[in-house]
Amino acid sequence: MNLWGNRIQRQLTVLAVALFFFSCEDEANQLGYKNPNSKFDLKSIDIPVTSSILLLDSVRTSNYDAFNDVNRFLVGRYNDTRFGDITSATFAELLPADTLEIDTLNNNGVITRDEAVFDSVSIQFRHDFYVYGAAGNTQQTIAVHEVTNRLVAGYTVTKTTHIGGQQKPQEISYPQPQLYLSKTATPYNPVALGTKVFNVDRDKHLSYAADATPPEITTSVNLDPAFGLRLFELIRDNPDSAQNRSFFQKHLKGIAIIPQGDKVIGINPADALTRLEIHYHTTKEDSLMLPITFAGLVSYNQITADRAVSELSGLNTFYQDTDLGNDLRYVQAGTGVVTKIDFSAFKGALGDLDKVVINDAELIIKDVEDGGVLTPPGNLAVKLINDNNRPIKLPFPGRSGDYQESYNTIAAYEGFVNFNNDATNSYSNYYYFVRGSRFAFDSTFFVMNDSRTFLTLNYSSDTRTYRGSAPQFFQKLFLKTDGPLYTKAILLPYSPAATTSDPPYGRHIYGKTLNRAAFRKDNIILRVYYTTPSIN
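Residues numbered from 1 in each chain as written. Predicted model: local features only at pLDDT ≥ 70, side-chain atom pairs only at ≥ 80, totals over all residues. Heavy atoms only, no water.

Student: Help me understand the overall build of the protein chain, please; the structure alone is not making it clear to me.
Tutor: If you tally the helices and strands in the protein chain, you get 7 helices and 31 strands. In the protein chain, which comprises 536 residues, the share counted as buried stands at 49%. The contacts of the protein chain with a sequence gap of at least 6 include a subset with a gap of at least 24, amounting to 81%. Entry remark: accessible area of the protein chain is about 24600 Å², with carbon and sulfur atoms responsible for 48%. (Helix = DSSP H or I, 4+ residues; strand = E, 2+ residues; numbered from the N terminus. Buried < 20%, exposed > 50% of the residue type's maximum accessible area, 1.4 Å probe, protein only. Contact = heavy atoms within 4.5 Å. Areas by Shrake-Rupley, 256 points an atom, 1.4 Å probe, with all protein chains shown as cover.)

Student: What should I look at first to understand the pairing of strand 22 (residues 379–384) in this one?
Tutor: Put simply, side chains in a regular strand alternate between the two faces of the sheet. Most of strand 22 is tucked away: 6 of the 6 residues are buried. Of the two faces of strand 22, both are covered, the one formed by N379, A381 and K383 as well as the one formed by L380, V382 and L384. As judged from the 3 bridges shared by strand 22 and strand 27 (residues 456–460), these two strands associate in the antiparallel manner. Counterpart to L380 in the pairing with strand 27 is L457. As paired elements, strand 22 and strand 29 (residues 488–493) share 5 bridges and run antiparallel to each other. Paired with L384 across the strands is A489, a residue of strand 29. (Pairing = 2+ DSSP bridges.)

Student: I'm lost on the layout of surface pockets in this one. Help?
Tutor: Rolled over the atoms, a probe as big as a water molecule pinpoints where empty space is left. Estimates place the volume of the second largest pocket at around 600 Å³. In this structure, the second largest pocket is lined by 24 residues; those nearest its centre are V70, R72, S495, I509 and T513. Residue contributions to the lining of the second largest pocket peak at 3 residues, all from strand 8 (residues 116–133). Of the residues contributing to the lining of the second largest pocket, the split by class is 12 nonpolar, 8 polar and 4 charged. (1 Å grid on protein atoms, 1.4 Å probe; cavity = no way out; pocket = protein on both sides within 12 Å on 5 of 7 lines; lining within 4 Å. Points joined across faces, edges and corners; volume = space filled by probe spheres on them. Nonpolar A, V, L, I, M, F, W, Y, C, P; charged D, E, K, R; others polar.)

Student: Teacher, can you tell me more about helix 3 (residues 225–237) here?
Tutor: Two residues of an α-helix separated by three or four positions point the same way, owing to the 3.6 residues in each turn. Given a rise of 1.5 Å per residue, 13 residues ought to cover 18 Å, and the 18 Å separating the end C-alpha atoms of helix 3 matches this to within 8%. For helix 3, every residue scored as buried is listed here: F227, G228, L231, F232, L234 and I235. Looking straight down helix 3, one finds that the buried residues subtend no more than 165 degrees of arc, so they occupy a single side. Packing partners of the buried residues in helix 3 comprise strand 5 (95–96), strand 8, strand 9 (137–146), helix 4 (245–251), strand 16 (275–282) and strand 17 (288–293). Of the residues flanking the start of helix 3, the one acting as N-cap is D224, its side-chain oxygen 3.1 Å from the backbone nitrogen of A226. (Expected span 1.5 Å × (residues − 1). Arc of directions from axis to C-beta. Polar contact = N/O pair within 3.5 Å; in protein donor to acceptor, adjacent residues only side chain to side chain.)

Student: What should I look at first to understand the environment of S287 in this one?
Tutor: Following the sequence through the fold, S287 ends up in the loop between strand 16 and strand 17. Residues S287 and D119, spaced 168 residues apart in sequence, show a C-alpha to C-alpha distance of 8.7 Å. Other than its neighbours up to four places away in sequence, S287 contacts Y280 and H281.

Student: Explain the packing of aromatic side chains here, please?
Tutor: Each pair of aromatic rings is reported with the distance of its centres and the angle of its planes. As enumerated under the stated definition, the model contains 22 aromatic pairs in all. Ring centres of F346 and F474 lie 5.2 Å apart, and the angle between their planes is 70 degrees; on these two criteria the pair is classed as edge-to-face. Here F474 lies in helix 7 (residues 471–479) and F346 lies in helix 5 (residues 345–349), a separation of 128 residues in the sequence. As far as the burial class goes, F346 and F474 line up, both buried. Pairing F445 with Y486 gives two aromatic rings, centres 6.2 Å apart and planes at 75 degrees, and the pair type is edge-to-face. Here F445, found in the loop between strand 25 (437–439) and strand 26 (446–447), pairs with Y486, found in the loop between helix 7 and strand 29; they are 41 residues apart in sequence, far enough to count as distant. (Phe/Tyr/Trp six-rings, centres within 6.5 Å; stacked < 30°, edge-to-face > 60°.)

Student: It is not clear to me how the pattern of salt bridges should be interpreted in this structure. Could you clarify?
Tutor: Opposite charge on two side chains lets them pair, provided their charged atoms get close. Evaluated as defined, the whole model comprises 26 salt bridges. E93 is paired through a salt bridge with R245; the nearest N and O atoms lie 2.6 Å apart. With E93 in the loop between strand 4 (84–92) and strand 5 and R245 in helix 4, the pair connects residues that are 152 residues apart, well separated along the chain. The exposure class assigned to E93 is buried, which follows from its relative accessible area of 1%. Beyond isolated ion pairs, a larger network of salt bridges with shared partners links D80, R82, E311, E369 and R516. (Salt bridge = Lys/Arg side-chain N within 4 Å of Asp/Glu carboxyl O.)

Student: How should the nonpolar core be read in this particular structure?
Tutor: Across soluble globular proteins, nonpolar side chains show a tendency to be buried alongside one another. Among the nonpolar cores identified, the biggest contains 43 residues, and F346, I365, L457, F473, F474, L526 and V528 are the most heavily contacted of them. Broken down by secondary-structure element, the contributors of at least two residues to this core are strand 21 (357–365), strand 22, helix 6 (400–412), helix 7, strand 29, strand 30 (516–520) and strand 31 (524–533). If we ignore the near neighbours within four places in the chain, the residues touching F474 are F343, F346, I358, A361 and L526. Formed by 40 residues, the second largest nonpolar core is a distinct cluster that contains V200, F227, I278 and F294. (Core = buried A, V, L, I, M, F, W, Y, C linked by side-chain atoms within 4.5 Å.)

Student: Would you mind going over empty space enclosed by the protein with me for this structure?
Tutor: One pass over the structure, following the stated rule, counts 1 cavity of 30 Å³ or more. Computed from the structure, the largest cavity encloses a volume of approximately 50 Å³. Every residue along the wall of the largest cavity is listed here: V75, G76, Q140, T141, I142, F198, P259, Q260, K263 and I265. Listed by contribution, the elements that provide at least two residues to the lining of the largest cavity are strand 3 (73–80), strand 9, strand 14 (255–260) and strand 15 (263–267). Top contributing element to the lining of the largest cavity by residue count: strand 9, with 3 residues. The residue makeup of the lining of the largest cavity, split by class, is 5 nonpolar, 4 polar and 1 charged.

Structural data, given as structure tokens:
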């Protein structure tokens, strides 16, 4: 896809000329002089976008799957009259980050082992200051339970493939990540290891989230001493094996964080302060602590939505176009509620024109509902879907014909349709190579903006409007005369790159937040500014 430079350069030159003339209003430019060149007809048009509500059957919520994941324990519960009763529980694996400090090297070079004595066990979670739900400073509860089934990190898939030009099919094994979804259920011991009641102040959390150097706020839960002693003895008696994942997971498969309350908060699993702590002492030292941490290990959020008495009670069938009869459209992170848009009318609206330069093409959603403390997602990505409402994606590359056909379809859009090349795993190399390029586990197609990153509709709280621009994509769509016309998509929350240190494609937040939005279907429009050459 990097071979389009010359063609793109020529088109950008045409676009720059068109943009120059578009800066003129009618026949007077912004300086008040009559436009000396009347060979361009400058126009704009608002094209209606048809839409419906879709319910996806699952949302990926596991952490550390992709280089550009937002890694977050999403924990809490709140009630929303529009979207239902929302609960998010976290299931996570742990591993000792160190061994007990019980060996001493004396002056003669001899190692002696001190007697270590268990004192207590607790677990603490550092807040990342994401918060959603009720206003004010209110009481929340979390209970920590022991998971009873193993959390699998990955598996191997064997494919029969012709990759590499082999005439005879070859069997090749590929490592795959075990993706955990919002609907994934993991059993746990119903008897809690420990429970904590604490307060969360929404306004303070929001202010800390915007602070470049926020305070270190943690919630600590005292756990059952018998549980702690069991872990302590396991680590003490197996100093060479305790930090081995497969060994340790046989004895502690993980923990579950089960919430009650009226808010959902974010916890940072990678932070050093998010850890299980075994407190102990020896004959030589008091107040020692062994951390057991979560960073880089399997974890996910189980998100449930009870819509029975909500405005969305009629939204029950997966991937089915739904209209609830109130002219509203909905989007909610984490729960599978998305708005489907169809801009098929674009081609027809400009179909009588032979030559058109798209100066700008904006997808706009006006008058987004003011949800009070239940604020809308900051950005919505545009993910392309098939006629069956499933996401379009690259087939497995071993199926050479299907893969190449799909790859060529992307190429026809010259970089303005693409998949997320950042959706590869930086921890366990859960991707494979095709023609020297990484093939991501998430190869669903997105509309790209003119910078060839994901087109996002960005929310303005001042105007209560979403707006996103992709003139080059719509230029390609206008020019296409054969092959798939990508005109159907879903809008789902996504975080674009905000700084140069961010991954180029931004970050996955769909399974790590719960922000929601509602808006009228008639307020979704495609506004196109275009230039047509005219003969005087």
